[in-house]
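One-letter residues, chain by chain:
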Amino acid sequence: MNYINDILFSEEDGIFNCVVEMTNGDNVEYAIEPKGRYLEAVRALDPVFVCPFTFGFIPQTISTDLKPTKVVVITPAPLQKLSVVKIRPLGTITVVRGSDEADMIISVPAYSSLKRISVGKVTSFFKNAYYSDVKDVKVKDYFPDPSFARQIIEEDHQEYLDSLRGEAAESYEEDYASAFYSPVQVAQTEGTPIASTTTEETPAVKEEEQKEVASPQEPEIPAVEETTGVEQAPVEDIENEWLS
């Protein structure tokens, strides 16, 4: 299992997959190994600070720092490390380390009703704990724009695709298109390997395809299940805390 390459970055429009590296209460930095094979403990953080959110990355992306796109997920309870949570982007913050600059996605789980948050805890954690051993670290102000955040993710995913070459890239796009789009959408998508790879077909084959187009069957996309067994009052209290 490769956590960077083997998990789709998205399976639903506007919703993205996030692989969990750190979660609420951690004060050890965990990060995916550069080749995506396992999670490793990197270092202990200042014992005064604990991570107040879930932290991870979006698979099949390459950010401006040449690493998978980082994501902060505001969660009311800790999540299992290396689990995959579907997230809904709310905005971005930018972390500047010397001459290096990288955007970080601020999000909530797809099942959350939160639409706006205060990110003071996020910026404080990064400045005082996560990057405490790095000089001249700046965390730019939160930019609450979901569409801009989605655009960054899409661009970083395209960067990942561009890093693939030849048959590897074509194979990926075929697998992704077959999982994400219906046959009609694939046929109508211009510029993809699937849409552009055509051969001469017999009238019988064309007639059969016309029947398929006439009654396309949309692939079933797993719905986000509502969480059960969690008392609503504590969750609301924690979510409201992020609104302050």
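What counts and how
Residues numbered from 1 in each chain as written. Predicted model: local features only at pLDDT ≥ 70, side-chain atom pairs only at ≥ 80, totals over all residues. Heavy atoms only, no water. Helix = DSSP H or I, 4+ residues; strand = E, 2+ residues; numbered from the N terminus. Buried < 20%, exposed > 50% of the residue type's maximum accessible area, 1.4 Å probe, protein only. Contact = heavy atoms within 4.5 Å. Core = buried A, V, L, I, M, F, W, Y, C linked by side-chain atoms within 4.5 Å. pLDDT = per-residue confidence, 0-100. Salt bridge = Lys/Arg side-chain N within 4 Å of Asp/Glu carboxyl O. Phe/Tyr/Trp six-rings, centres within 6.5 Å; stacked < 30°, edge-to-face > 60°.

Peer 1: Got a minute to help me understand unusual backbone geometry in this structure?
Peer 2: Although it is not a glycine, Gln60 adopts a positive phi angle of roughly 60°. With respect to the helices, strands and loops of the structure, Gln60 is situated in the loop between strand S4 (54–58) and strand S5 (69–73). The backbone of Leu66 shows a phi angle near 70°, a positive value even though the residue is not glycine. Among the structural elements, Leu66 can be located in the loop between S4 and S5. According to the relative accessible area criterion, Leu66 is exposed, its value standing at 72%.

Peer 1: When you look at the environment of Val139 in this model, what are you seeing that I'm missing?
Peer 2: By the secondary structure assignment, Val139 is in strand S8 (residues 137–139). For Val139, a relative accessible area of 8% corresponds to the buried category. Counting along the chain gives 46 residues from Val139 to Ile93, while the straight-line C-alpha distance between them is 6.9 Å. If near-sequence neighbours (up to four positions away) are discounted, Val139 is found in contact with Ile93, Thr94, Val95, Thr123, Phe126 and Lys127.

Peer 1: Help me understand the nonpolar core, please; the structure alone is not making it clear to me.
Peer 2: The nonpolar side chains of soluble globular proteins are, as a tendency, buried together. Ranked by internal contacts, the top residues of the largest apolar core, which has 25 residues, are Phe53, Val72, Val122, Phe125 and Phe126. If you list the elements that add at least two residues to this core, you get strand S6 (84–97), strand S7 (100–109), helix H1 (120–130) and S8. Here the element with the most residues in this core is H1; it accounts for 5 residues. In terms of nonpolar packing, the next biggest core, distinct from the first, is built from 13 residues, Cys18, Ile58, Val85 and Ile153 among them.

Peer 1: What is the right way to look at the confidence of the model for the protein chain in this model?
Peer 2: Do not read the fine detail of predicted coordinates wherever pLDDT is low. Of all residues in the protein chain, 66% have pLDDT values of 70 or greater, and the mean over the chain is 76. Of all the helices and strands in the protein chain, helix H5 (residues 193–196) carries the lowest mean pLDDT, 41, while strand S1 (residues 16–22) carries the highest, 98. Residue range residues 179–201 is modelled with pLDDT below 50. Its contacts to residues more than four positions away, or to other chains, number 29 contacts. Between residues 221–240, whose pLDDT stays under 50, and residues either more than four places distant or in other chains, the model counts 12 contacts.

Peer 1: Help me understand the pattern of salt bridges in this model?
Peer 2: As a working rule, side chains carrying opposite charge can pair if their charged atoms are close by. Within this structure, the stated rule accounts for 5 salt bridges. Of the charged contacts in the structure, one is a salt bridge between Lys70 and Glu21, with a shortest N-O distance of 2.7 Å. One end of the pair, Lys70, is in strand S5; the other, Glu21, is in strand S1, and 49 residues separate them in sequence. For Lys70, a relative accessible area of 18% gives the class buried. A relative accessible area of 1% places Glu21 in the buried class.

Peer 1: Would you mind showing me how to read the packing of aromatic side chains here?
Peer 2: Centre-to-centre distance and the angle between the planes together describe a pair of aromatic rings. Following the criterion strictly, the structure yields 7 aromatic pairs and no others. When the ring of Phe53 is compared with that of Phe55, the centres are 6.3 Å apart and the planes differ by 75°; the resulting orientation is edge-to-face. Across the pair, exposure class does not vary: Phe53 and Phe55 are buried alike. On the numbers, 5.4 Å between centres and 75° between planes, the contact of Phe143 with Phe148 is edge-to-face. Relative accessible area serves as the criterion here: at 29%, Phe148 is assigned to the partly exposed category.

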